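Below, each chain spelled out in residue letters.
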Amino acid sequence: MINFQYVRANSIADAVNLIADDPAAKFVAGGTNLIDLMKMDVEQPTKLIDISRLALDKVEDTAEGGLRIGAMVRNSDLAYHPAVEARYPVLSSAIRAGASQQLRNMASTGGNLLQRTRCAYFYDIALPCNKRTPGSGCGALAGHNRMHAILGTSDACIAVFPSDMCVALALLEARVHVSGPNGARTIAFDAFHRLPGETPQRDNNLEPGEMIVAVELPSAGFASNYSYLKIRDRLSYAFALVSVGVGLEIADGRIKAARLALGGVAHKPWRDTRAEAALAGQAANEAVFRQAADIVLRDARGFGHNNFKIELARRAIIRALTQAANGTPQSQSNKKIA
Amino acid sequence: MAPYIGTAVSRVDGVAKVTGAAKYAAEFSAPGLLYASIVSATITKGRITRIDTSAALAVEGVLTVLTHENRPRMADKDEAYKDEVAPDGSPFRPLYDDKIKFNGQPIALVVAERSEIARFAASLVVVEYGAAAYVTDVFRRREAAVPVKAPANPSEALFAPPKPRGDADRALAAAAVRHEGEYYVPIEHHNPMELYAATAIVDPDGKLTVYDKTQGVQNIQHYLCGVFGLKSDDVKVMNPYMGGGFGSGLRPQFEVVLAVLAARALQRSVRVVLTRQQMYALGYRPAMIQRIALGANRDGTLDAISHDAITVTSQYEDFYRQETAWSGLLYTSANAKYAHRLAHLDLATSCDMRAPSAATAVYALEAAMDELAVALKLDPLELRLRCYSDRDQHEDRPYSSKALRECYRQGAEAFGWSRRNPEPRSMREGTDLVGWGMATGVWDAFQAPITVRIVLTANGHAEVACATSDIGTGTYTIMAQVAADMLGLPLDNISIKLGDSSLPQSPVEGGSWIAASVSNGIATTAARIRNELLRLAKQMPGSPLADVGSDDVALADGKLVSKRDSSRAVSIADAMRQGAVERIEQEETTNPAQDEKRAHNTHSAIFAEVKIDEQLGVIRVTRVVSAIAAGRILNTKTATSQILGGVVWGIGMALHEETQIDHTFGRIVNANIAEYHVPVHADIHDIKVIFVDEPDDSNPLGIKGLGEIGIVGVAAAVANAVYHATGKRVRDLPISLDKLLA
Ligand SMILES: Cc1cc2nc3c(=O)[nH]c(=O)nc-3n(C[C@H](O)[C@H](O)[C@H](O)COP(=O)(O)OP(=O)(O)OC[C@H]3O[C@@H](n4cnc5c(N)ncnc54)[C@H](O)[C@@H]3O)c2cc1C
């Protein structure tokens, strides 16, 4: 861990100015990911700009019938917010599936979007990793890749973006509001995180010096038919092997609209609109769900230890769709799979 | 006054622990204390060709950077580094020379005014290596594994495979029903909550007081004297509390050498604390590849057992235990043979971890027994009963006590085993497959020589002192209970001193031998106190105990009382007043009775229920019953906690635990407790612990110890339940859900 300076930002403008002055600086929110990475010398900011006390901790209704979530809203506060529980239960459920209560109490909405991969090769500076040190190679390709991606990989990187919350945000078509040296802009969720390609060092499309100020949810919340199903190596406090977020609109036994996104399988929350389109207009039954799963996984590819994820994802998609269609979403308290 | 022994006394150190008054090795301080940070090797094998510390030294607040090039003198002979429980070989010497023997090996120590500065400066040390080829994968050393040979002198044969009996090969070939299988347990790390740490304090007179996380303060003290050529008066080692050891602290670890090196180099007090990642450069449970062959008669009796094990150690020491002996011991079988080979890998030396050898070997044996039961179409519990042995099969001698049959009976009843449908995949609950499995557990009942000092003061308080450790198991509490009963005093009048090398002799805290050793030790010394009190009481004019012999009095309610006539009594206060003594001090060594004619073991029967999502393979261990036969239970609360902990650990062994090594780089890739999985609350459901009655006269108090027995067999019971639920036999641990999907 290197020696670093610590400053507290007084306003969004102050934060943006502070970071513009110092390219080696970083924002710190809950610190649950950044501080770990600093201890491991993976991140070496010379200055931390603390944004945790900015007034970005509100959850507000929008004129369009959606919600605007401040970047500093803690994961716990968001998960148990009455409006989220009532109107966007899939988001509430996804957050509760992640990390531990203590971590969720600290973790922020903005920080959750920007958490980095848990790939062991990324975390250990003695090992090669193109994401950490471009050009050093990918240790995971021929190494321990049980947790790694099966979709959207590149020869440079097979790391997974580990967030649960973002799987729900992806299927809810959230938008990310950012503020930066060139002013404010909004990024569609699907365009926020990136696939690794030749530049795995870039996790997302945030520009240098930009700060997340809020995440906005449109009105559609799929509160009646949803599920967030997370499959992991122990029953809590483990990153997803595969997770599936589902939101359905069902009328007369038929699916009117479907949203489907996966976690633990790619460098970003993996939403598949083709599979969603294939579900729309269909009866809610297993054959239809299986078809959708086959579409999602048509290009899936394993790297040895993680080959099982393809079949696991298929079964998890079918199960999550079944749970959502039946109105029996996966509980995050009782770990029995519904 | 009711006896304390056998009751659920709460921990006497509980308040100190929850209020933070209990101090651990990294919490002791001294004026001008310095902080040190370890630089760890990033290659697996080779040499350091250059180590540049200039950037680290240039950081303000850094006092020194110790490396093999500038460290103070250390001993040059292996003998100096051999601790009380060292295996054969050449012990690792931190910062001794330029050789790298395992990845993560400490290679430099940065000492600074603050821990943050030390850690920062440590990241600036530049190291160049000459790398050599290495192997860290046991499967790549399988063929090259070296047989463990029985030494010429049988008294040194502690861990060599037992002598074979009969002709196992022939019996196996002729067996009506045979099962043969290979079972694998990966490397596991102890992961105690408390990080390894040492605080070496330079006292004003130049002597050293070293607070070290260890399971044996005298072992460390002796070791430091050897390594640094110190006189035993020059160094005292303390460890009053320990946040979990599980065997990882039986041998000296490198933090203590480094702290003392730095303290001697600077003549200042120094603290070294490992990071969680560095904890994975310590010892570990050796990976184990086992082939078990069982030959049975149609009636379900065993005729042959063959157990072939490969375990992992380093290139420089041969650590192993008697891994193969458990299978030949547990069940009646006329023929048995064993083979044990060591795979030398470029890793640190493996070491003891809770129920060393039994946790792994009994897993394999009990999974194999389950497979044999299937082959025989016999209930798994019924098979165990048909093979039940009342005699130690190795030595053909009786047990001092063995209530395993009662464990089976009470455990099965509490679990409801009789309602089990033997057919795999036959029990369902919605989308879950339900499986019931069982297994047997076995461990040794040891006792070791120990010395206990008791000082009784006229106000009716007693201080009990012994250099043993309480590694979190409850030793303070049981010592206080035993002393209170033996001295006839209230629990609150007893104070316990331990974890200090200057106290009377104790072995390291391991093998489940401390409860029996120290309790009987207290009883012996308490008897001496009683005799001394009786001598004084007899001198009282008209003493009611004048003609009472020492065997005919007891201490109770603060009085010496005749066992025959309770009206004849003298209070401790009166007796001491008579002798005009303020304190009575006695110190006595207690040796275990020589009882070679009988075997001494603890046993258990474990029953487990799993529910597994048929499609997704997600496993929940919904119920476990563990019935334990372990002699007299000193404290039902701390004993239950020990067994609960063992069961939880066994569930983790079955489903979660695995140290993952990237064999291309020789580095552990899950060296943290987010990625190294142990069970969390959600994984643990209903666990019931039963202690069956087991009177035993191996020692006066009838104690067998139970630190280890709780984990033995649990992994097998869970694995067998997984088979019963799914019809899939997973023979390599952990049973992660992907192994059930295929
Ligand atoms: C042991 C462990 C287990 C975990 N398990 C899970 C899990 O199962 N599922 C899961 O989803 N997550 C899990 N997490 C991750 C956790 O969700 C993240 O660490 C957390 O969401 C990060 O939020 P934070 O506010 O603490 O971010 P920080 O650590 O403060 O910051 C993370 C990054 O975001 C940047 N940043 C923060 N806020 C902003 C902003 N407003 N604008 C621009 N940049 C910003 C920081 O500069 C930094 O680079 C786990 C974490 C740990 C330590």
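Source: prediction; values computed, not measured.

J.: Describe in detail the site of the ligand, supporting the description with residues and values.
T.: Residue and element names in this part refer to chain A. Near the ligand you find 34 residues, and of these Phe 27, Gly 31, Thr 32, Ser 108 and Asp 164 are the closest. Between the ligand and the protein, one listed contact pairs an oxygen atom with a backbone N or O atom of Phe 27 at 2.4 Å. Within the side chain of Ser 108, one N or O atom sits 2.6 Å away from an oxygen atom of the ligand. When the free accessible area of the ligand is taken as 980 Å², the share hidden by the protein chains comes to 95%. Elements with a contribution of two residues or more to the shell around the ligand: strand 2 (25-28), helix 2 (34-39), helix 7 (109-114) and strand 8 (211-217). Inspection of the shell around the ligand shows a minimum of three residues originating in each of domain 1 (5-52) and domain 2 (225-326).

J.: So what's going on with the sheet that holds strand 5 (residues 67-70) of chain A? Residues and values would help.
T.: Residue and element names in this part refer to chain A. In spatial order, the strands read 4-5-8-6-7; together these five strands make up an open sheet with antiparallel pairing. Strands at the two margins of the open sheet, each flanked by one partner only, are strand 4 (59-61) and strand 7 (183-188). Strand-to-strand, the axes of this sheet are offset by a mean angle of 25°, without reference to chain direction. Sheet topology places strand 6 (residues 175-180) next to strand 7; six bridges connect them, and they run antiparallel. Its bridge partner lying in strand 7, Val 178 is registered against Arg 185. Against the sheet, helix 1 (residues 12-20) contacts strand 6 and strand 8, and its axis sits at roughly 135° relative to strand 8.

J.: Could you give an account of the side chain of Arg 71 of chain B, naming the residues involved and the relevant values?
T.: Residue and element names in this part refer to chain B. Inspection of the secondary structure puts Arg 71 in the loop between strand 3 (62-66) and helix 3 (78-81). The side chain of Arg 71 is buried and forms no salt bridge, while Asp 76, the nearest opposite charge, is found at 5.2 Å. Once residues lying within four places of it in the same chain are set aside, the contact partners of Arg 71 are Leu 66, Leu 95, Tyr 96 and Leu 261.

J.: Residue-level account of the domain arrangement of chain A, with values.
T.: According to the domain assignment, chain A consists of domain 1 (5-52) and domain 2 (225-326). The straight-line distance from the C-alpha centre of domain 1 of chain A to that of domain 2 of chain A is 36 Å.

J.: Any chance you could break down the packing of helix 12 (residues 475-487) of chain B against helix 13 (residues 514-538) of chain B for me, citing the residues and the numbers?
T.: All names here are of chain B. Contact geometry of helix 12 with helix 13 gives a least axis separation of 9 Å together with a crossing angle of 30°. In terms of orientation, helix 12 and helix 13 fall into the roughly parallel class. Judged by the twist between their axes, the crossing of helix 12 over helix 13 is right-handed. Within the contact between the two elements, helix 12 uses Thr 475, Ile 478, Met 479, Val 482, Ala 483, Met 486 and Leu 487 and helix 13 uses Ile 514, Ala 515, Val 518, Ser 519, Ile 522, Ala 523, Ala 526 and Ile 529.

J.: Please give an account of unusual backbone geometry that cites residues and values.
T.: Omega for the peptide link from Leu 733 of chain B to Pro 734 of chain B comes to -5°, which places this bond in the cis form. The residue Pro 734 of chain B is located in the loop between helix 16 (714-726) and helix 17 (738-741) in this model. For Ala 99 of chain A, which is not glycine, the phi dihedral falls at a positive 50°. Assignment of secondary structure puts Ala 99 of chain A in the loop between helix 5 (89-96) and helix 6 (101-106). Here Ala 99 of chain A falls in the partly exposed class, since its relative accessible area comes to 33%. With a phi angle near 60°, Phe 246 of chain B is a residue other than glycine that sits in the positive phi range. Relative to the elements of secondary structure, Phe 246 of chain B occurs in the loop between strand 12 (235-238) and helix 7 (254-266).

J.: Provide a residue-level description of the packing of aromatic side chains, including the pertinent values.
T.: All names here are of chain B. All chains considered together, the criterion is met by 19 aromatic pairs over all chains. Ring centres of Phe 92 and Tyr 316 lie 6.4 Å apart, and the angle between their planes is 40°; on these two criteria the pair is classed as tilted. With Phe 92 in the loop between strand 4 (88-89) and strand 5 (99-100) and Tyr 316 in the loop between strand 15 (302-313) and strand 16 (317-318), this residue pair connects regions lying 224 residues apart in the sequence. Considered together, Phe 92 and Tyr 316 belong to a single accessibility category, that of buried residues. Arranged with centres 4.9 Å apart and planes meeting at 85°, the rings of Phe 246 and Trp 649 form a pair that is edge-to-face. Of this pair, Phe 246 sits in the loop between strand 12 and helix 7 while Trp 649 sits in helix 15 (residues 636-655), and the two are 403 residues apart along the sequence. Members of the aromatic cluster, joined through ring pairs, are Phe 415, Trp 417, Trp 436 and Phe 607.

J.: Give a detailed account of the sheet that holds strand 17 (residues 335-344) of chain B, specifying residues and quantitative values.
T.: All names here are of chain B. One open sheet accounts for five strands, arranged 8-17-15-14-9; its pairing is mixed. What marks the edges here is a single partner per strand, and that holds for strand 8 (146-147) and strand 9 (177-185). The sheet contact formed by strand 9 and strand 14 (residues 288-296) spans nine bridges and is antiparallel. Directly across from Val 185, in strand 14, lies its bridge partner Met 288.

J.: Which residues make up the interface of chain A and chain B, and what values do they have?
T.: Counting from both sides, the interface comprises 37 residues of chain A and, opposite them, 36 residues of chain B. Of the roughly 3,100 Å² buried between chain A and chain B on both sides combined, carbon and sulfur atoms contribute 61%. It is Arg 234, Leu 235 and Arg 315 of chain A in chain A that bury the most area against chain B; as a group they hold 22% of the surface buried on that side. Inspection of the chain A/chain B interface yields four salt bridges. A salt bridge links Asp 432 of chain B to Lys 336 of chain A; the shortest N-O distance between them is 3.1 Å. Linking chain A with chain B are 11 residue pairs in polar contact (both at pLDDT 80 or more), by the criterion used here. Those elements that provide at least two residues to the side of chain A that touches chain B are helix 8 (120-123), strand 9 (225-232) and helix 12 (308-326) of chain A. By residue number, the principal contributor to the side of chain A that touches chain B is helix 12 of chain A, which donates five residues. Residues that form the side of chain A that touches chain B fall into these classes: 19 nonpolar, six polar and 12 charged.

J.: Could you give an account of the confidence of the model for chain B, naming the residues involved and the relevant values?
T.: Considering every residue of chain B, the mean pLDDT works out to 97; 99% of them sit at 70 or more. Across the whole predicted complex the pTM is 0.98, and at the interface the ipTM reaches 0.97.

J.: Can you tell me about the side chain of Arg 315 of chain A, naming the residues and giving the values?
T.: Its place among the elements puts Arg 315 of chain A in helix 12. Look at Arg 315 of chain A and you get buried, because its relative accessible area is 18%. Contact partners of Arg 315 of chain A, with chain neighbours within four places excluded, come to Glu 614, Gln 615, Leu 616 and Leu 741 of chain B.

J.: Could you give an account of the pattern of salt bridges, naming the residues involved and the relevant values?
T.: Scanning all chains against the criterion turns up 71 salt bridges over all chains. A salt bridge links Arg 175 of chain A to Glu 216 of chain A, with the nearest nitrogen and oxygen atoms 3.1 Å apart. Of this pair, Arg 175 of chain A sits in strand 6 while Glu 216 of chain A sits in strand 8, and the two are 41 residues apart along the sequence. Across the salt bridge formed by Asp 396 of chain B and Arg 391 of chain B, the nearest N and O atoms sit 2.8 Å from each other. Accessibility expressed as a relative area gives 37% for Arg 391 of chain B, which makes it partly exposed.

J.: Give me the lowdown on the nonpolar core, citing residues and values where you can.
T.: Residue and element names in this part refer to chain B. Counting 97 residues, the largest nonpolar core has Leu 294, Tyr 363, Phe 607, Val 610, Val 718 and Ile 735 as its most contacted members. Per element, the largest residue contribution to this core is 13 residues, and it comes from helix 9 (residues 358-376). Residues in contact with Tyr 363, not counting those within four places in the same chain, are Tyr 183, Tyr 184, Val 185, Ala 358, Met 653, Ala 715, Ala 716, Ala 719, Val 730, Arg 731, Asp 732 and Leu 733.

J.: Give me the lowdown on the domain arrangement of chain B, citing residues and values where you can.
T.: Residue and element names in this part refer to chain B. Examined at the domain level, chain B breaks down into domain 1 (19-133 + 190-279), domain 2 (146-188 + 284-347 + 355-446 + 597-741) and domain 3 (448-590). Spacing between the C-alpha centres of domain 2 and domain 3 amounts to 40 Å. In this complex, domain 2 contributes 15 residues to the contact, which on the side of domain 3 involves 17 residues. The three residues of domain 2 that bury the most area against domain 3 are Phe 446, Leu 634 and Leu 701, which together make up 44% of that side's buried surface. Linking domain 2 with domain 3 are eight residue pairs in polar contact (both at pLDDT 80 or more), by the criterion used here. Class assignment of the residues belonging to the side of domain 2 that touches domain 3 gives a composition of seven nonpolar, six polar and two charged.

J.: Could you give me a rundown of the state of the cysteines, with the residues and numbers involved?
T.: Counted under the stated rule, the structure contains zero disulfides over all chains. A disulfide-free cysteine, Cys 157 of chain A has its sulfur positioned 6.0 Å from the sulfur of Cys 138 of chain A, the nearest such atom. Exposure remark for Cys 157 of chain A: the relative accessible area of 6% places this residue in the buried category. With no disulfide of its own, Cys 466 of chain B lies closest to Cys 225 of chain B among cysteine sulfurs, the gap being 19 Å.

What counts, and at which threshold
Residues numbered from 1 in each chain as written. Chains lettered and ligands numbered in written order. Predicted model: local features only at pLDDT ≥ 70, side-chain atom pairs only at ≥ 80, totals over all residues. Heavy atoms only, no water. Near = heavy atom within 4 Å. Polar contact = N/O pair within 3.5 Å; in protein donor to acceptor, adjacent residues only side chain to side chain. Areas by Shrake-Rupley, 256 points an atom, 1.4 Å probe, with all protein chains shown as cover. Helix = DSSP H or I, 4+ residues; strand = E, 2+ residues; numbered from the N terminus. Domains from an automatic or database assignment. Pairing = 2+ DSSP bridges. Axes fitted to C-alpha atoms, helices over the stretch in contact; angles between N-to-C directions. Contact = heavy atoms within 4.5 Å. Buried < 20%, exposed > 50% of the residue type's maximum accessible area, 1.4 Å probe, protein only. Lys, Arg positive; Asp, Glu negative; His and termini not counted. Salt bridge = Lys/Arg side-chain N within 4 Å of Asp/Glu carboxyl O. Parallel < 35°, antiparallel > 145°, perpendicular 65-115°, else oblique. Left-handed = near helix turned anticlockwise from the far one by under 90°. Phe/Tyr/Trp six-rings, centres within 6.5 Å; stacked < 30°, edge-to-face > 60°. Buried area = accessible area lost by both parts, 1.4 Å probe. Nonpolar A, V, L, I, M, F, W, Y, C, P; charged D, E, K, R; others polar. pLDDT = per-residue confidence, 0-100. Core = buried A, V, L, I, M, F, W, Y, C linked by side-chain atoms within 4.5 Å. Disulfide = S-S within 2.5 Å.

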